[in-house]
Amino acid sequence: MSDEVRMIPSDQLPGWGRKRGGPAGAAADAELGHAADRGRDHDQPDEVRVVGGRGAGAGHTGPAGPDAEVVGATRRVLDPGDIDLSVRPAGIELPNPITSASGCFASGAEIDRFHDVADLGAVVVKSITLEPRQGLPAPRMAETPSGMLNAIGLQNPGVEAWIAKDLPWLRERGVRVIASVAGRTADDFAQVASALSEVAGDTIVALEVNLSCPNVEDRGLVFACSAPDSAEVVRGVVRAAQVPVFAKLTSDVTDIVEIARSVVAAGADGLTLINTLLGMAIDPETGRPELANTYGGLSGPAIRPVAVRNVHQVHSALPEVPIIGCGGVRTVTDVVQFLRAGASAVAIGTTTFVDPFIAPRVVDGLARWCAERGIAAVSELIGATAPVHPR
Amino acid sequence: MSRRRGGTVEGRSEGPVHAYCEVIARRREGAYWVLSMAAREIAERAQPGQFVQIAVEGQHTLLRRPFSIARVTRQGASAGTVDVVFDAHGPGTSWLTGVETHDVIDVIGPLGTPFPLPQRKVNCLLVGGGYGIAPLYYLAESLLRRGLRVDMINGAATAERIMGAIEAKRLSASVTFTTEDGTYGSRGRVTDVLDEVVETGHTGLVYACGPNPMLRAVSERCVELGIPVQVAVEERMGCGIGVCFTCVVPIVGRDGATRHKRACVEGPVFNGARVGWDRWGVPGGATAAAGQTAPPVASQAQATPPVASQAQAPPPATPHAGAGQPAAPQARTSRSATSPAPGRADAEEEPGSSATSSSRAEPPASSPPPPRPAQVIVFDELDDEESPRPEDAPGTPPSPPDEG
């Protein structure tokens, strides 16, 4: 492959560049993302106060100020290059907490045309099924306010072809892979997990069980809508797998904590929260659904608050269970929200569609964000929320 | 418009880049808009048929909009510029009509597969619908540099939607204009004049760009005539860079199986004879793997004209590949399904089966001549369509074809 070429000095690329702490640093958050940001709901200004995480007096804080007894308040600004970005969800060593979201990064090679995908903490590949799938007919997508609906139907080459074609490339590039597994039956999942485990090596660091793809022929096949069904699938995958197993759940349930408990009891090492939300759009003139599949999964910034809520809810109930947070992440501050809500890693999905550089941009921006606040390790932010009413 | 200065670029030394591009000019041309931008790296890397993704700022818009590259300039005073042509018909493209000279826009490109260029001498016919002709002018320049004869058919709904009539005359040995209302050229559709132009131009290869119903009609006629045809298709796009799997097109492989290919990385240029036009947007339309069967369906498809609704299809002036706003669904068949029984896939390509589509008032009303076997055209580095083409490479001559 070609060398990566930065044709313009990184300090002219706001929010992007290995030269951490460059003049672009301070503006990073505001500049993150792409032009579509300009229509965005403006993110909260960066918080001034700093709240440490686990092992740093989590949960006790007040407003920043000379008198405030705040963990971190007396910290000095650090060098972004010195920030420890590593995280260890379920024991997987990731150099940074940013992953792709399944189905938003294809096989990895498509984005590698733009930048080295090994720069991500991990690449979560598009869900792999036992058999090749051609997926649903077009139209598969409809843009919605600050989001989009999709109904792809798990198009993928099947586990055999994925192992033969995609995996060797990922291995050669030194990518840490989280392989997403999907299927029609619990046995399908187990067979795919088994096939992947045989070839995992150092490359496949975890499996993600896609229990929650909304675009299946029958809503009854969304395993994540049922605690016993989810548990059955996870049990089979865990039995076959030799790497940690994350269960990806949907928010389209009455009580996500109940589902989370069931998959953890079935052996899941961690959770990915959340998949897309089931939605619909109708052409007002013709009355026809915008998607060939009628319904589809809603993703993008529109769902971020729902995702943050789910992460917080599950983390509050099951604080020891590692979570990969996912849903509408577009900026560094979005990542920080997910970390504070309890995620140990954060997946970027739809934003990759508009900005193929979003992952390295956010990784660099996260280091600067932490450095400016004197946070030496990003892991300190995990689960670090403050009371609504400071004492 | 970005606060960033124009010229900022990130990417690798080959392939697509992300660039902030200063707008050099924005003008009307007939019913369309032409936007010229300073995009040196994109201009250097682009080939005819490829497209760019532009970030737009409509209210709550999220996704970029794809635009075919209409021209690149590599030499002279305006070296390093890229032109796109568009029609304002959605929030994204409407926003783009308000972009001023010297504004900076956010662009990714070049993306997608280019039109493959023939290795041997062959007379080429370029068929454009609406502003779908624009990238074909760009292609014509490459073909002319190879010393090939270029004929054109330029069709639209009405005169103001005929794009670049003067350019067409300059670039072609002959150009035939058609408008549906007869306000310019001959009244009718491009397929009404196709046979005649093929005859007089001794056409050996057809390139087409325009709305999908036109591409289908042109492709089916070319198959009947035994002429190779390359088309730049349109399908709703999410990312344009190959990761979202939104823009899939059913492509019939040599093995007879139909597979969903992404228009953004495996297209937008496809062999028109291999596009599963009947299967596009049809449940179960793509059924590749052995043992994977399509849902059972009524086999009415054989008896009924394939797509009656396309008789009222949008006029040729509707957007071609990449017209901005995730395009309105092309008049899709309202049939709920076709009958892609396993093993029958190749039958879909039998030219005879397409004759039933005469409700579209195109090809010859009288019985068509028996199909001839398609001539074989060897293209530069054209890969087998079974495997995704590395989009950086195909068709790339050793030196840049343009103005080199």
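Everything quoted here is computed from the prediction, not taken from an experiment.

Counting its regular elements, chain A contains ten helices and 13 strands. In chain A, which comprises 391 residues, the proportion classed as buried is 63%. Of the contacts made within chain A by residues no fewer than 6 positions apart, 71% connect residues no fewer than 24 positions apart. Surface accessibility of chain A: about 14,200 Å² in total, with carbon and sulfur atoms responsible for 51%.

Moving on to the confidence of the model for chain B. Residues and elements named next belong to chain B. Chain-level statistics for chain B give a pLDDT mean of 77 and a share of 71% at 70 or above. In the model, residues 289–366 has pLDDT below 50 throughout and makes 161 contacts with residues more than four positions away in sequence or in other chains. Low pLDDT, under 50, characterises residues 382–404; the stretch is placed with 54 contacts to residues that sit more than four places away or in other chains.

All right, on to the packing of helix α4 (residues 186–198) of chain A against helix α5 (residues 227–240) of chain A then. A pair of packed helices is captured by two measures, namely the crossing angle of their axes and the spacing between those axes. Residue and element names in this part refer to chain A. Contact geometry of α4 with α5 gives a least axis separation of 8 Å together with a crossing angle of 20°. Taken together, α4 and α5 sit at an angle that is classed as roughly parallel. Crossing of α4 over α5 shows right-handed handedness. Residue-level contacts link Ala-186, Phe-189, Ala-190, Ala-193, Ser-194 and Ser-197 of α4 to Glu-232, Val-233, Gly-236, Val-237 and Ala-240 of α5.

Another point: the environment of Pro-228 of chain B. Residues and elements named next belong to chain B. Inspection of the secondary structure assignment puts Pro-228 in the loop between α6 (212–225) and β13 (229–232). The exposure class of Pro-228 is buried, given its relative accessible area of 13%. Along the sequence, Pro-228 and Pro-213 sit 15 residues apart, while their C-alpha atoms lie 18 Å from each other.

Residue and element names in this part refer to chain B. Of all five residues making up strand β12 (residues 205–209), five are buried, and the element is well covered by its neighbours. What you see with β12 is no split at all: Leu-205, Tyr-207 and Cys-209 on one side and Val-206 and Ala-208 on the other are buried throughout. Pairing geometry for strand β8 (residues 124–129) and β12, over five bridges, is parallel. Residue pairing for β12: Cys-124 is matched across the bridge by Leu-205. As judged from the four bridges shared by β12 and β13, these two strands associate in the parallel manner. The partner of Tyr-207 across the bridge, within β13, is Gln-230. What joins β12 to β13 is α6, and the crossover it makes is right-handed.

The rules behind the values
Residues numbered from 1 in each chain as written. Chains lettered and ligands numbered in written order. Predicted model: local features only at pLDDT ≥ 70, side-chain atom pairs only at ≥ 80, totals over all residues. Heavy atoms only, no water. Helix = DSSP H or I, 4+ residues; strand = E, 2+ residues; numbered from the N terminus. Buried < 20%, exposed > 50% of the residue type's maximum accessible area, 1.4 Å probe, protein only. Contact = heavy atoms within 4.5 Å. Areas by Shrake-Rupley, 256 points an atom, 1.4 Å probe, with all protein chains shown as cover. pLDDT = per-residue confidence, 0-100. Axes fitted to C-alpha atoms, helices over the stretch in contact; angles between N-to-C directions. Parallel < 35°, antiparallel > 145°, perpendicular 65-115°, else oblique. Left-handed = near helix turned anticlockwise from the far one by under 90°. Pairing = 2+ DSSP bridges. Right-handed = clockwise from strand over helix to strand, strands pointing away.

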